[in-house]
Structures are given as C-alpha cells and as structure tokens.
Amino acid sequence: MTHPQPDPGSSTTGALLARGPLDDLHTRLDTELSGGARAWLDQALAEAAAHPGTHGPVSVWELRLAEAGRRCGTAYADAARVLILRAARADPAALGRVYAQGTASERRAVLHALPHLVPGPDALPLVEDALRTNDTSLLAAAVGPYAARHLDVHGWRHAVLKCLFTGVPVEAVAGLADRARGDAELARMLADYAAERSAAGRPVPEDLHRVLALTESAPPPTSHSPDVPHGKES
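Basis of the calculations
- Residues numbered from 1 in each chain as written.
- Predicted model: local features only at pLDDT ≥ 70, side-chain atom pairs only at ≥ 80, totals over all residues.
- Heavy atoms only, no water.
- Helix = DSSP H or I, 4+ residues; strand = E, 2+ residues; numbered from the N terminus.
- Buried < 20%, exposed > 50% of the residue type's maximum accessible area, 1.4 Å probe, protein only.
- Contact = heavy atoms within 4.5 Å.
- Areas by Shrake-Rupley, 256 points an atom, 1.4 Å probe, with all protein chains shown as cover.
- Salt bridge = Lys/Arg side-chain N within 4 Å of Asp/Glu carboxyl O.
- Core = buried A, V, L, I, M, F, W, Y, C linked by side-chain atoms within 4.5 Å.
- Axes fitted to C-alpha atoms, helices over the stretch in contact; angles between N-to-C directions.
- Parallel < 35°, antiparallel > 145°, perpendicular 65-115°, else oblique.
- Left-handed = near helix turned anticlockwise from the far one by under 90°.
- Nonpolar A, V, L, I, M, F, W, Y, C, P; charged D, E, K, R; others polar.

### Here's the deal with the overall build of the protein
Across its full length, the protein carries 14 helices and zero strands. Mapped from its N terminus to its C terminus, the protein presents α and β elements in the order α-α-α-α-α-α-α-α-α-α-α-α-α-α. When burial is assessed residue by residue, the protein has 47% of its 234 residues classed as buried. Counting only contacts in the protein whose residues sit at least 6 apart along the sequence, the fraction spanning at least 24 positions is 68%. Taken as a whole, the protein presents about 11800 Å² of accessible surface, with 55% of it coming from carbon and sulfur.

Okay, here's the thing in structure tokens:
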C-alpha cells in the first residue's frame, strides 16, 4: 500500500525531510516511486557517491538535482534531491553554490538537507537569505531543525514573526515549544503584532495565540540550584 503523496511545500514534508532519518526516507521512496523513477534515483545516488564534491564547473550530481522534478515528480523531488546531496557529501561551500544557482525548489532541498549535512553554523547565511524572502515554501524549509539549533534568539524570534506575517503554519517551526517557552520578549512582539492587526480591523492569526500560549509556559527546572556548586563537593 502506498502513502498519500506529500506536498513538497508543506510543513509535513519539511518534517519528513529534515527530522526523519534519511535511510527511512530512501526506503519510502523505494516503495512509492515508479520503476523508472526508482532506477533513475538509484543511478543518480550511485553517481553522486562515486564522484562527490566538485568536478569542473558543474558536477554530475548537480545536474541530477535539476532533473529530479521531471524524473521523480514534484511530490518526491525534494526528497530525491536531499538524498543526492547526502550521497555527494555536499559541504557548506557546495550547498551554498547549489543554493545560489538553483531554482526555488532546489534551494528548498538544500535547506531541508542542512541538519543532515552541516553540524555547525556554517550554513546560517542560507537560512537567513531564505528568511528574507516571501516564498512560503522556502520559509517553511528555513525554520526546520537547523534553524532551531543555530539561529540566535533575535533571528529566531523574527523567523517566527515572519511565519505569522506570511501564513506559514507555525508547526513548520522546529523546536517551537522549547524555544518559545518563557520567552517574554517574544510574547511582547506577538502582543504588539496582534494589537496592530486588531487596530487595522484585520483578524489575528490563530497560530499567534498558539505561540503566545507557549511563551507563557514556565522554563524547565534546572538540574541544580544556582546557589549550589555544580559537581561534587570536595
């Protein structure tokens, strides 16, 4: 039995690509792609693994990224691209090149791949660029686990507000409950935005109330009291 086809721009797809193990994603594609698409993906992954990194002006695996939509269909192209990027062991420089030169869908795949391929904050400029756009599919991809780990508090708060401004569901924001908990400044920003909307006679997004409720949650207790030294007493 096959699963419903995902919408490549949806937050559910973002969770599948960015938060689930990529081996599970590959298994799912094996069961859902047609025989021709599956054979194409297997070949593309083998080429990327055999010739990773950069070779000439454009690597073979970069050409395969451009073909993924036509070969696998738009519903599975993002997933195929993420798997190709992993097989190619794309580093931040290669990811930056693909992002700069690629289409919106290729940029989205790069953003989904970041938590799997870049352990540190080196690729934050790509997230920050996506957060400056009004492309909702890019915004949803940009606020995944990589942003949750590496965006500073100022950038993360504004990313949440940008989702509310543009109608991106806040369920796309990875780590939302943990990062919003007890955040008085985010609560103030949300209240100001709600007041502006109300004053203009415009509805306040339901997602705003959801995030505001999260900010009212108490931070988790620390493992030790601040006035007790950490570690063993001598």
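Now that the structure has been shown, we can carry on.
### A closer look at the pattern of salt bridges
In this structure the tally under the stated criterion is 14 salt bridges. Put simply, Asp 78 and Arg 108 hold a salt bridge, and the shortest N to O gap is 2.6 Å. Residue Asp 78 is found in helix 5 (residues 74-87), and its partner Arg 108 is found in helix 7 (residues 104-117); the two are separated by 30 residues along the sequence. Like Arg 108, Asp 78 is buried. Linked through salt bridges whose partners overlap, the residues forming this network are Glu 47, Arg 64, Glu 67 and Arg 71.

### Points about the nonpolar core
The nonpolar side chains of a soluble globular protein tend to be buried, and buried together. With 71 residues, the main nonpolar core has Trp 61, Leu 111, Leu 114 and Val 127 as its most contacted residues. Ignoring any residue separated from it by four or fewer positions in sequence, one finds Leu 111 in contact with Tyr 99, Leu 126, Val 127, Ala 130, Leu 138, Ala 141 and Ala 142.

### So, the packing of helix 7 against helix 8 (residues 124-131)
When two helices pack together, you describe them by how their axes are tilted relative to each other and by the distance separating the axes. Packing of helix 7 against helix 8 leaves a shortest axis separation of 10 Å and a crossing angle of 130°. Taken together, the axes of helix 7 and helix 8 are oblique relative to one another. In this structure, helix 7 meets helix 8 at a crossing whose hand is left-handed. Along its contact with helix 7, which presents Arg 107, Val 110, Leu 111 and Leu 114, the element helix 8 presents Leu 126, Val 127, Asp 129 and Ala 130. Of the residues contributing to the contact of helix 7 with helix 8, the split by class is six nonpolar, no polar and two charged.

### Section: the environment of Pro 121
Mapping Pro 121 onto the fold places it in the loop between helix 7 and helix 8. With a relative accessible area of 48%, Pro 121 lands in the partly exposed category.

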